[in-house]
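Below are the chains, spelled out letter by letter.
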Amino acid sequence: MGETGGVSGTSGVGGRVAIVTGGSNGLGRAITQAMVDAGGSVVVCDLADSGYFAGYPAVLTLTGDVADPGLARVAVRTAVERFGRVDILVNDAASYPDGTLLEMTSQAWERVFTVNVTGSFMMMQAFARHCVSGGTRGAIVNISTGSARSPRPGGAAYAASKAALETMSKVFAMELGTHGIRVNVVSPGYIDVRGWSDAYPDRAPEELRQALVASIPLGVAGHPADIANAVMFLASEAAGHISGAVLEVDGGSGAGRYGLRSHVSKEGADVRG
């Protein structure tokens, strides 16, 4: 899929209703598109409406900040009022300003955690309370990052916030399992979102892109559809016995120190590290 960029059909999503935060751009846009293509309906929650889904009767865009304590309840209520139900929650909205320990302001740090951790918590809480009160099953898929396990300098806030999201997801998977609500995580590696985002269409310089691709064993950047396919699977009945999992979609970059491949000993020497 990294080569084709196609979104494959996944059973169990058609006819269902999802809330996708950050769904106007990037990975969220691809996820929303996949849901609609499979016959689902989506309430997109985003800071601004990109207009990409204008004219799509199965998509309603709700503008707002996931850090706002009231947005989660409004999103759930809107989904039920517009589409009659809500079955799936995808938390993709994120704040990710870079900053080193010596330079980053506490305000910038707090914003990352308010959006990525607290915002996701509030969305999950509102969604889960709705499902439990109605006695319905549900699926939550949170979007994390490979940086949660392999961080880089300047990215402490984002990596730490996503590590917190992964831990929360595992805890909530245990808490909500008896209610028939599954909670999983998709952890992307480097995904080239050019052509899928109006907000940050060219965030990474070409030199960085090349370095990122060089660290991927499959040799290509991921496509937003790769993440959408993973989300579609975890949200579907095909993943009905999967909960508390972190699915890494990274072309193998998280498997180990692939950058050391050129240093493999060909003489049988004892190389340790």
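Right above here is the structure, for reference.
Keep in mind it's a predicted model, so treat the numbers as computed, not measured. (Residues numbered from 1 in each chain as written. Predicted model: local features only at pLDDT ≥ 70, side-chain atom pairs only at ≥ 80, totals over all residues. Heavy atoms only, no water.)

Enquirer: With reference to specific residues and values, describe the overall build of the protein chain.
Expert: In terms of helices and strands, the protein chain carries six helices and seven strands. In terms of C-alpha radius of gyration, the protein chain reaches 19 Å, essentially the compact-globule figure of 19 Å for 273 residues. Overall, the C-alpha framework of the protein chain stretches about 65 × 40 × 40 Å when taken along its three principal axes. Across the 273 residues that make up the protein chain, the buried fraction comes to 46%. Counting only contacts in the protein chain whose residues sit at least 6 apart along the sequence, the fraction spanning at least 24 positions is 71%. (Helix = DSSP H or I, 4+ residues; strand = E, 2+ residues; numbered from the N terminus. Rg over C-alpha atoms; globule rule 2.2 N^0.38 Å. Buried < 20%, exposed > 50% of the residue type's maximum accessible area, 1.4 Å probe, protein only. Contact = heavy atoms within 4.5 Å.)

Enquirer: Hey, could you go over the sheet that holds strand β1 (residues 17–21) for me, with residue numbers and the actual values?
Expert: Strands pair in a sheet through their backbones, by hydrogen bonds, and they do so in one of two ways: parallel or antiparallel. With parallel pairing, the seven strands of this open sheet are ordered in space as β3-β2-β1-β4-β5-β6-β7. The outermost strands of the open sheet, each flanked by one partner alone, are β3 (59–63) and β7 (246–249). Recorded for the sheet is a direction-independent mean angle of 20° between the axes of neighbouring strands. One ladder, built from four bridges, connects strand β6 (residues 181–188) with β7; its direction is parallel. Looking at the pairing, Ser-187 lines up with Glu-248 of β7. Running over the sheet, helix α3 (residues 106–134) touches β1, β4 (88–91), β5 (138–143) and β6 and is turned about 175° from β4. (Pairing = 2+ DSSP bridges. Axes fitted to C-alpha atoms, helices over the stretch in contact; angles between N-to-C directions.)

Enquirer: For the pattern of salt bridges, give the residues involved together with the corresponding values.
Expert: Within this structure, the stated rule accounts for eight salt bridges. Glu-248 is the partner of Arg-149 in a salt bridge, and the nearest nitrogen-oxygen pair spans 3.8 Å. In this pair, Arg-149 is assigned in the loop between β5 and α4 (156–176) and Glu-248 in strand β7, connecting sequence segments 99 residues apart. Across the pair Arg-209 and Asp-192 runs a salt bridge whose closest N-O atoms are separated by 3.6 Å. Taken together, the residues Arg-209 in helix α5 (residues 206–214) and Asp-192 in the loop between β6 and α5 connect sequence positions 17 residues apart. (Salt bridge = Lys/Arg side-chain N within 4 Å of Asp/Glu carboxyl O.)

Enquirer: How would you sum up the packing of aromatic side chains? Please name residues and give values.
Expert: With the rule as written, the count across this model stands at five aromatic pairs. An angle of 85° between the planes, with centres 5.3 Å apart, marks the rings of Phe-53 and Tyr-56 as edge-to-face. You can call Phe-53 buried: its relative accessible area is 7%. Here the aromatic rings of Tyr-96 and Tyr-158 are separated by 5.7 Å at their centres, their planes lie at 75°, and the arrangement is edge-to-face. Residue Tyr-96 is located in the loop between β4 and α3, and its partner Tyr-158 is located in helix α4; the two are separated by 62 residues in the primary sequence. (Phe/Tyr/Trp six-rings, centres within 6.5 Å; stacked < 30°, edge-to-face > 60°.)

Enquirer: Give me the environment of Gly-51: which residues, what numbers.
Expert: Along the chain, Gly-51 falls in the loop between β2 (41–46) and β3. Along the chain, Gly-51 and Ser-120 lie 69 residues apart, while their C-alpha atoms are 24 Å from each other.

Enquirer: So what's going on with helix α1 (residues 26–37)? Residues and values would help.
Expert: Over its twelve residues, α1 runs 17 Å from end to end, which matches the ideal 16 Å to within 8%, given 1.5 Å per residue. With respect to burial, α1 is a largely interior element, eleven of its twelve residues being buried. (Expected span 1.5 Å × (residues − 1).)

Enquirer: Break down helix α2 (residues 71–83) for me, citing the residues and quoting the values.
Expert: With 13 residues, α2 should cover 18 Å at 1.5 Å per step; its first-to-last C-alpha distance of 18 Å lies within 8% of that length. Looking at the packing, one finds that the buried side of α2 touches β1, β2, β3 and α3. Immediately beyond the C-terminal end of α2, within one or two residues, lies Gly-84, with a positive phi of roughly 90°.

Enquirer: Kindly report on the nonpolar core, identifying the contributing residues and their values.
Expert: Ranked by internal contacts, the top residues of the largest apolar core, which has 34 residues, are Ile-19, Val-43 and Ile-140. For this core, the secondary structure elements donating two or more residues are β1, β2, β3, α2, α3, α4 and β6. Looking at this core, the element that brings in the most residues is α3, giving nine residues. Those residues in contact with Ile-19 that lie beyond four places of it in its chain are Val-43, Cys-45, Ala-75, Val-76, Ala-79, Val-86, Ile-88, Leu-89, Val-90 and Met-123. (Core = buried A, V, L, I, M, F, W, Y, C linked by side-chain atoms within 4.5 Å.)

Enquirer: I'd like to hear about the packing of α2 against α3, residue by residue, with values.
Expert: One can describe the packing of α2 onto α3 by two numbers: an axis separation of 8 Å at closest approach and a directional angle of 40°. As far as their axial angle goes, α3 and α2 are oblique. Along this stretch, α2 crosses α3, giving a crossing that reads as right-handed. Facing α2, whose interface residues are Ala-72, Arg-73, Ala-75, Val-76 and Val-80, α3 presents Met-122, Met-123, Ala-126, Phe-127 and His-130. Partitioned by chemical class, the residues of the contact of α2 with α3 number eight nonpolar, one polar and one charged. (Parallel < 35°, antiparallel > 145°, perpendicular 65-115°, else oblique. Left-handed = near helix turned anticlockwise from the far one by under 90°. Nonpolar A, V, L, I, M, F, W, Y, C, P; charged D, E, K, R; others polar.)

Enquirer: Could you give me a rundown of the pairing of β6, with the residues and numbers involved?
Expert: Burial analysis of β6 places eight of its eight residues in the buried class, the great majority of the element. Side chains Ile-181, Val-183, Val-185 and Ser-187 of β6 all project onto a buried face; the interleaved residues Arg-182, Asn-184, Val-186 and Pro-188 project onto the opposite face, where all are buried too. A crossover links β5 with its parallel partner β6, the connecting element being α4, and its sense is right-handed. (Right-handed = clockwise from strand over helix to strand, strands pointing away.)

Read these as spatial facts, not as claims about activity.
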